[in-house]
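Each chain, letter by letter, is given below.
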Amino acid sequence: MRKGTDVEDETAGLIVTEDYDDPDNQKTQKGAIFALVILTFINLLNYMDRLIPSATKSLYQGELHMDDFETGVPAATFLIVYMSTSPIFAQLSDRGVSRKLLLILGVVWWSVATGSVYFAQKFWDFTLYRTLVAVGEACYATIAPALLSDLFPPSNRNKAMTVFFLATPFGGALGFVLGGFIGKQYGWRYAFMLCGAPGILVSLLIIFIKDPGMNVFEKKEEKKKNISWIIAIKTLIRNKSYLFSLGGLICLCFATGALAEWLPKFFSDPHGANLGADQAGLVVGAITVIGGIGGTVCGSAVGGRREYLRSI
(Lines give C-alpha, C1' and ligand atoms only; values in the text may rest on other atoms or scores of the structure.)
Protein backbone atom coordinates (compact mmCIF):
# COMPACT_ATOMS: atom_id res chain seq x y z
CA MET A 1 0.00 0.00 0.00
CA ARG A 2 1.42 3.37 -0.96
CA LYS A 3 1.98 5.95 1.68
CA GLY A 4 -0.17 9.06 1.53
CA THR A 5 1.25 12.45 0.70
CA ASP A 6 1.53 15.01 3.47
CA VAL A 7 -0.65 17.97 2.59
CA GLU A 8 -1.14 21.15 4.59
CA ASP A 9 -4.79 21.70 5.38
CA GLU A 10 -5.61 25.36 4.85
CA THR A 11 -8.60 25.42 7.19
CA ALA A 12 -6.84 24.07 10.27
CA GLY A 13 -3.17 24.67 9.56
CA LEU A 14 -2.41 21.00 10.14
CA ILE A 15 -0.31 18.48 8.27
CA VAL A 16 -2.60 15.60 7.37
CA THR A 17 -2.20 12.50 5.28
CA GLU A 18 -4.17 12.41 2.07
CA ASP A 19 -4.60 8.63 2.02
CA TYR A 20 -7.02 7.53 4.74
CA ASP A 21 -5.82 3.91 4.47
CA ASP A 22 -2.19 4.82 5.12
CA PRO A 23 -1.14 2.82 8.21
CA ASP A 24 1.08 5.69 9.31
CA ASN A 25 -2.04 7.83 9.60
CA GLN A 26 -3.78 5.27 11.81
CA LYS A 27 -1.43 5.39 14.76
CA THR A 28 -2.38 6.60 18.21
CA GLN A 29 -1.31 10.22 18.57
CA LYS A 30 1.51 11.25 20.89
CA GLY A 31 0.25 12.03 24.39
CA ALA A 32 -3.04 10.19 23.84
CA ILE A 33 -2.76 8.03 26.97
CA PHE A 34 -1.99 11.04 29.15
CA ALA A 35 -5.01 12.86 27.73
CA LEU A 36 -7.22 9.81 28.26
CA VAL A 37 -6.19 9.55 31.93
CA ILE A 38 -6.77 13.25 32.63
CA LEU A 39 -10.07 13.51 30.73
CA THR A 40 -11.37 10.27 32.29
CA PHE A 41 -10.59 11.51 35.79
CA ILE A 42 -12.33 14.81 35.08
CA ASN A 43 -15.29 12.88 33.69
CA LEU A 44 -15.41 11.05 37.01
CA LEU A 45 -15.61 14.41 38.81
CA ASN A 46 -18.27 15.45 36.30
CA TYR A 47 -20.67 12.69 37.29
CA MET A 48 -19.77 12.95 40.96
CA ASP A 49 -20.80 16.60 41.00
CA ARG A 50 -23.92 15.87 38.96
CA LEU A 51 -25.34 13.40 41.48
CA ILE A 52 -24.57 15.23 44.73
CA PRO A 53 -28.13 16.72 44.81
CA SER A 54 -29.68 13.24 44.62
CA ALA A 55 -27.51 11.97 47.48
CA THR A 56 -28.37 14.94 49.72
CA LYS A 57 -32.00 15.48 48.73
CA SER A 58 -33.35 14.23 52.06
CA LEU A 59 -31.06 16.68 53.88
CA TYR A 60 -31.67 19.98 52.05
CA GLN A 61 -35.36 19.45 51.26
CA GLY A 62 -36.54 20.33 54.75
CA GLU A 63 -34.14 23.20 55.32
CA LEU A 64 -35.04 24.90 52.03
CA HIS A 65 -38.76 24.12 52.49
CA MET A 66 -39.05 22.26 49.16
CA ASP A 67 -41.69 19.67 48.37
CA ASP A 68 -40.94 16.60 46.21
CA PHE A 69 -41.94 18.37 43.01
CA GLU A 70 -39.63 21.30 43.71
CA THR A 71 -36.68 19.00 44.45
CA GLY A 72 -37.12 17.50 40.98
CA VAL A 73 -37.17 20.87 39.17
CA PRO A 74 -33.38 21.50 39.38
CA ALA A 75 -32.70 18.18 37.65
CA ALA A 76 -35.22 19.00 34.90
CA THR A 77 -33.82 22.48 34.28
CA PHE A 78 -30.33 21.00 34.34
CA LEU A 79 -31.18 18.67 31.46
CA ILE A 80 -32.93 21.37 29.44
CA VAL A 81 -29.96 23.75 29.68
CA TYR A 82 -27.50 20.88 29.12
CA MET A 83 -29.30 19.89 25.92
CA SER A 84 -29.68 23.47 24.69
CA THR A 85 -26.09 24.61 25.22
CA SER A 86 -24.26 21.52 23.94
CA PRO A 87 -24.64 22.49 20.23
CA ILE A 88 -23.30 25.96 21.02
CA PHE A 89 -20.02 24.60 22.36
CA ALA A 90 -19.76 22.15 19.46
CA GLN A 91 -20.15 25.05 17.05
CA LEU A 92 -17.51 27.11 18.86
CA SER A 93 -15.09 24.20 18.61
CA ASP A 94 -15.82 23.73 14.89
CA ARG A 95 -15.16 27.42 14.29
CA GLY A 96 -11.66 27.20 15.70
CA VAL A 97 -12.00 28.17 19.34
CA SER A 98 -9.34 26.29 21.32
CA ARG A 99 -10.77 23.03 22.59
CA LYS A 100 -8.38 23.03 25.54
CA LEU A 101 -9.54 26.50 26.53
CA LEU A 102 -13.19 25.48 26.27
CA LEU A 103 -12.54 22.38 28.37
CA ILE A 104 -10.77 24.36 31.10
CA LEU A 105 -13.49 26.99 31.21
CA GLY A 106 -16.20 24.32 31.29
CA VAL A 107 -14.63 22.40 34.19
CA VAL A 108 -13.94 25.54 36.23
CA TRP A 109 -17.47 26.83 35.53
CA TRP A 110 -19.27 23.71 36.72
CA SER A 111 -16.94 23.32 39.73
CA VAL A 112 -17.58 26.88 40.91
CA ALA A 113 -21.32 26.49 40.29
CA THR A 114 -21.37 23.24 42.29
CA GLY A 115 -19.58 24.86 45.23
CA SER A 116 -21.91 27.88 45.02
CA VAL A 117 -24.84 25.72 46.11
CA TYR A 118 -23.32 26.10 49.58
CA PHE A 119 -24.84 29.60 49.65
CA ALA A 120 -28.36 28.59 48.53
CA GLN A 121 -31.09 29.88 50.83
CA LYS A 122 -34.24 28.96 48.94
CA PHE A 123 -35.63 26.97 46.04
CA TRP A 124 -34.89 29.53 43.32
CA ASP A 125 -31.19 30.13 43.98
CA PHE A 126 -30.61 26.40 44.51
CA THR A 127 -32.17 25.76 41.09
CA LEU A 128 -30.15 28.58 39.51
CA TYR A 129 -26.82 27.21 40.75
CA ARG A 130 -27.64 23.70 39.52
CA THR A 131 -28.70 25.09 36.14
CA LEU A 132 -25.34 26.86 35.84
CA VAL A 133 -23.60 23.54 36.49
CA ALA A 134 -25.27 22.22 33.33
CA VAL A 135 -23.55 24.85 31.17
CA GLY A 136 -20.06 23.77 32.23
CA GLU A 137 -20.85 20.07 31.98
CA ALA A 138 -22.35 20.51 28.51
CA CYS A 139 -19.15 22.17 27.36
CA TYR A 140 -17.01 19.33 28.68
CA ALA A 141 -19.23 16.45 27.56
CA THR A 142 -19.43 17.84 24.02
CA ILE A 143 -15.72 18.44 23.44
CA ALA A 144 -13.82 15.81 25.48
CA PRO A 145 -15.01 12.75 23.46
CA ALA A 146 -14.31 14.59 20.20
CA LEU A 147 -10.77 15.38 21.33
CA LEU A 148 -10.19 11.73 22.24
CA SER A 149 -11.48 10.70 18.80
CA ASP A 150 -8.70 12.77 17.25
CA LEU A 151 -6.09 11.19 19.52
CA PHE A 152 -7.03 7.55 18.95
CA PRO A 153 -7.46 5.95 15.50
CA PRO A 154 -10.68 4.03 14.70
CA SER A 155 -8.99 0.72 15.57
CA ASN A 156 -8.36 1.82 19.18
CA ARG A 157 -11.14 4.34 19.65
CA ASN A 158 -13.69 1.90 21.09
CA LYS A 159 -11.30 0.90 23.88
CA ALA A 160 -10.47 4.52 24.67
CA MET A 161 -14.14 5.45 24.85
CA THR A 162 -14.82 2.46 27.11
CA VAL A 163 -12.21 3.72 29.58
CA PHE A 164 -13.55 7.28 29.34
CA PHE A 165 -17.16 6.28 30.00
CA LEU A 166 -16.27 3.89 32.82
CA ALA A 167 -15.88 7.10 34.78
CA THR A 168 -19.67 7.50 34.60
CA PRO A 169 -20.59 4.72 37.06
CA PHE A 170 -17.53 5.32 39.24
CA GLY A 171 -18.19 9.05 39.38
CA GLY A 172 -21.88 8.51 40.02
CA ALA A 173 -21.09 6.09 42.83
CA LEU A 174 -18.66 8.56 44.39
CA GLY A 175 -21.32 11.25 44.20
CA PHE A 176 -23.79 9.07 46.06
CA VAL A 177 -21.29 7.83 48.64
CA LEU A 178 -19.39 11.07 49.33
CA GLY A 179 -22.48 13.23 49.06
CA GLY A 180 -24.36 11.08 51.54
CA PHE A 181 -21.43 10.73 53.94
CA ILE A 182 -20.31 14.37 53.95
CA GLY A 183 -23.89 15.57 54.05
CA LYS A 184 -24.72 13.36 57.02
CA GLN A 185 -21.54 14.15 58.98
CA TYR A 186 -20.96 17.83 58.20
CA GLY A 187 -24.11 19.10 56.49
CA TRP A 188 -25.36 19.08 52.91
CA ARG A 189 -23.79 22.46 52.09
CA TYR A 190 -20.28 21.08 52.67
CA ALA A 191 -21.04 18.16 50.37
CA PHE A 192 -21.45 20.57 47.46
CA MET A 193 -18.50 22.74 48.47
CA LEU A 194 -15.99 19.92 49.00
CA CYS A 195 -17.02 17.91 45.94
CA GLY A 196 -16.93 20.94 43.65
CA ALA A 197 -13.46 22.17 44.67
CA PRO A 198 -11.23 19.44 43.08
CA GLY A 199 -12.36 20.27 39.56
CA ILE A 200 -10.80 23.74 39.72
CA LEU A 201 -7.35 22.30 40.45
CA VAL A 202 -7.56 19.33 38.08
CA SER A 203 -8.66 21.56 35.20
CA LEU A 204 -5.12 23.00 35.06
CA LEU A 205 -3.82 19.61 33.87
CA ILE A 206 -5.70 20.12 30.60
CA ILE A 207 -3.01 22.67 29.69
CA PHE A 208 -0.55 19.79 29.21
CA ILE A 209 -2.81 17.80 26.88
CA LYS A 210 -1.76 17.84 23.23
CA ASP A 211 -4.54 18.68 20.78
CA PRO A 212 -3.60 17.22 17.35
CA GLY A 213 -6.33 19.17 15.56
CA MET A 214 -9.74 18.14 14.33
CA ASN A 215 -10.55 15.13 12.14
CA VAL A 216 -6.97 13.86 12.00
CA PHE A 217 -8.04 10.40 10.89
CA GLU A 218 -10.56 11.50 8.26
CA LYS A 219 -10.07 11.54 4.52
CA LYS A 220 -8.62 14.79 3.25
CA GLU A 221 -11.62 15.50 1.02
CA GLU A 222 -14.04 14.86 3.89
CA LYS A 223 -11.99 17.02 6.25
CA LYS A 224 -12.63 20.11 4.14
CA LYS A 225 -16.37 19.62 3.82
CA ASN A 226 -18.50 22.29 5.44
CA ILE A 227 -21.89 20.72 6.12
CA SER A 228 -24.82 22.87 7.19
CA TRP A 229 -27.01 22.03 10.19
CA ILE A 230 -29.99 21.28 7.92
CA ILE A 231 -28.07 18.78 5.82
CA ALA A 232 -26.57 17.17 8.92
CA ILE A 233 -29.99 16.73 10.54
CA LYS A 234 -31.51 15.32 7.33
CA THR A 235 -28.63 12.85 7.07
CA LEU A 236 -29.08 11.70 10.66
CA ILE A 237 -32.84 11.30 10.24
CA ARG A 238 -32.24 8.92 7.33
CA ASN A 239 -29.71 6.90 9.33
CA LYS A 240 -31.57 3.94 10.84
CA SER A 241 -28.67 2.91 13.08
CA TYR A 242 -28.51 6.42 14.53
CA LEU A 243 -32.26 6.57 15.16
CA PHE A 244 -32.23 3.13 16.77
CA SER A 245 -29.32 4.12 19.04
CA LEU A 246 -30.95 7.44 19.86
CA GLY A 247 -34.21 5.74 20.83
CA GLY A 248 -32.35 3.33 23.08
CA LEU A 249 -30.45 6.17 24.71
CA ILE A 250 -33.67 8.08 25.38
CA CYS A 251 -35.14 5.04 27.13
CA LEU A 252 -31.92 4.56 29.08
CA CYS A 253 -31.83 8.19 30.26
CA PHE A 254 -35.52 8.06 31.19
CA ALA A 255 -34.99 5.04 33.44
CA THR A 256 -31.59 5.89 34.92
CA GLY A 257 -32.55 9.53 35.41
CA ALA A 258 -35.54 8.58 37.51
CA LEU A 259 -33.55 6.08 39.55
CA ALA A 260 -30.60 8.42 40.10
CA GLU A 261 -32.88 11.24 41.23
CA TRP A 262 -35.21 9.33 43.54
CA LEU A 263 -33.60 6.06 44.65
CA PRO A 264 -31.42 7.69 47.37
CA LYS A 265 -34.49 9.53 48.65
CA PHE A 266 -36.45 6.26 48.77
CA PHE A 267 -33.76 4.52 50.81
CA SER A 268 -33.48 7.41 53.28
CA ASP A 269 -37.20 8.23 53.54
CA PRO A 270 -39.04 7.08 56.70
CA HIS A 271 -41.77 5.68 54.41
CA GLY A 272 -39.16 3.81 52.36
CA ALA A 273 -36.13 1.89 53.63
CA ASN A 274 -35.57 4.47 56.40
CA LEU A 275 -31.78 4.51 56.10
CA GLY A 276 -29.54 7.45 56.85
CA ALA A 277 -28.27 9.57 53.95
CA ASP A 278 -24.81 8.02 54.29
CA GLN A 279 -26.14 4.46 54.25
CA ALA A 280 -28.46 5.22 51.34
CA GLY A 281 -25.48 6.62 49.43
CA LEU A 282 -23.51 3.43 49.96
CA VAL A 283 -26.36 1.24 48.72
CA VAL A 284 -27.08 3.31 45.61
CA GLY A 285 -23.34 3.73 44.96
CA ALA A 286 -22.86 -0.04 44.97
CA ILE A 287 -25.79 -0.50 42.58
CA THR A 288 -24.35 2.18 40.28
CA VAL A 289 -20.87 0.64 40.15
CA ILE A 290 -22.04 -2.93 39.54
CA GLY A 291 -24.63 -2.06 36.93
CA GLY A 292 -22.61 0.71 35.29
CA ILE A 293 -19.39 -1.26 34.89
CA GLY A 294 -21.25 -4.35 33.70
CA GLY A 295 -23.20 -2.42 31.11
CA THR A 296 -20.23 -0.37 29.87
CA VAL A 297 -17.89 -3.36 29.50
CA CYS A 298 -20.53 -5.59 27.90
CA GLY A 299 -21.55 -2.85 25.50
CA SER A 300 -17.95 -2.30 24.48
CA ALA A 301 -17.40 -6.03 23.95
CA VAL A 302 -20.51 -6.35 21.79
CA GLY A 303 -19.62 -3.24 19.81
CA GLY A 304 -16.07 -4.42 19.24
CA ARG A 305 -17.27 -7.87 18.17
CA ARG A 306 -19.73 -6.33 15.74
CA GLU A 307 -17.01 -4.19 14.15
CA TYR A 308 -14.79 -7.25 13.87
CA LEU A 309 -17.48 -9.27 12.12
CA ARG A 310 -18.18 -6.43 9.71
CA SER A 311 -14.49 -6.25 8.79
CA ILE A 312 -14.26 -9.94 7.85
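Whatever comes next refers back to the structure up there.
Please read these numbers as outputs of a predicted model, since none were measured by experiment. (Residues numbered from 1 in each chain as written. Predicted model: local features only at pLDDT ≥ 70, side-chain atom pairs only at ≥ 80, totals over all residues. Heavy atoms only, no water.)

(A) Just the side chain of Thr85, in detail. By secondary structure assignment, the location of Thr85 is in helix α2 (residues 68-94). Polar side-chain contacts of Thr85 include one of 2.8 Å to the backbone oxygen of Val81. With sequence-adjacent residues up to four places away left out, Thr85 is seen in contact with Ala134, Val135 and Ala138. (Helix = DSSP H or I, 4+ residues; strand = E, 2+ residues; numbered from the N terminus. Polar contact = N/O pair within 3.5 Å; in protein donor to acceptor, adjacent residues only side chain to side chain. Contact = heavy atoms within 4.5 Å.)

(B) Expanded view of helix α9 (residues 240-268). Taking 1.5 Å of rise per residue, the 29 residues of α9 would be expected to cover 42 Å, and the 43 Å separating its terminal C-alpha atoms lies within 8% of that figure. Taking the largest bend as the criterion, α9 deviates by roughly 40°, centred on Trp262, and proline Pro264 comes between one and four positions later. Looking at α9, one finds that the buried residues are Ala260, Glu261, Leu263, Pro264, Lys265, Phe267 and Ser268. The N-terminus of α9 is capped by Asn239, whose side-chain oxygen sits 3.1 Å from the backbone nitrogen of Ser241. (Expected span 1.5 Å × (residues − 1). Bend = angle between axes of the 7 residues up to and from the residue. Buried < 20%, exposed > 50% of the residue type's maximum accessible area, 1.4 Å probe, protein only.)

(C) Spatial organisation of the state of the cysteines. Counted by the stated rule, this structure contains zero disulfides. Note on Cys253: no disulfide assigned, nearest cysteine sulfur contributed by Cys251 at a separation of 9.5 Å. For Cys253, a relative accessible area of 45% translates into the label partly exposed. (Disulfide = S-S within 2.5 Å.)

(D) Region of interest: unusual backbone geometry. Positive phi, normally seen in glycine, also occurs at His65, with a value near 55°. Within the secondary structure layout, His65 lies in the loop between α1 (32-63) and α2. Residue His65 is classed as exposed on the basis of its relative accessible area of 71%.

(E) View of the pattern of salt bridges. Tallied over the entire structure, the rule returns six salt bridges. In this structure, Arg99 engages Asp150 in a salt bridge whose closest nitrogen and oxygen atoms are separated by 2.9 Å. Of the two residues, Arg99 sits in helix α3 (residues 99-116) while Asp150 sits in helix α4 (residues 123-151), which places them 51 residues apart along the sequence. Across this residue pair, the class does not change: Arg99 and Asp150 are buried. Where Arg99 meets Asp211, a salt bridge forms, and the shortest distance between an N and an O atom there is 2.7 Å. One end of the pair, Arg99, is in helix α3; the other, Asp211, is in the loop between α6 (188-202) and α7 (220-223), and 112 residues separate them in sequence. By sharing partners, the salt bridges in this structure join Arg99, Asp150 and Asp211 into a single network. (Salt bridge = Lys/Arg side-chain N within 4 Å of Asp/Glu carboxyl O.)

(F) Quick peek at the nonpolar core. Ranked by size, the top nonpolar core spans 50 residues in total, and within it Leu39, Ile42, Leu103, Phe126, Tyr140 and Leu148 carry the most contacts. Elements supplying a minimum of two residues to this core: α1, α2, α3, α4, α5 (154-186) and α6. Ranked by residues supplied to this core, first place goes to α4 with 12 residues. Excluding anything up to four places from it in sequence, Phe126 contacts Tyr60, Leu64, Pro74, Val117, Ala120, Trp188 and Phe192. Core analysis: the second largest hydrophobic core is formed by eight residues, Phe176, Ala260, Leu263 and Val284 among them. (Core = buried A, V, L, I, M, F, W, Y, C linked by side-chain atoms within 4.5 Å.)

(G) Inspection of the packing of α1 against α2 at higher detail. In the contact formed by α1 and α2, the axes pass within 10 Å of each other and the chain directions differ by 160°. Classified by the angle their axes make, α1 and α2 are roughly antiparallel. Where α1 crosses over α2, the two elements pack in a sense that is right-handed. Where α1 approaches α2, its residues Arg50, Lys57, Tyr60 and Gln61 are matched on the opposing element by Asp68, Thr71, Gly72, Phe78 and Tyr82. Looking at side-chain class alone, the contact of α1 with α2 contains three nonpolar, three polar and three charged residues. (Axes fitted to C-alpha atoms, helices over the stretch in contact; angles between N-to-C directions. Parallel < 35°, antiparallel > 145°, perpendicular 65-115°, else oblique. Left-handed = near helix turned anticlockwise from the far one by under 90°. Nonpolar A, V, L, I, M, F, W, Y, C, P; charged D, E, K, R; others polar.)

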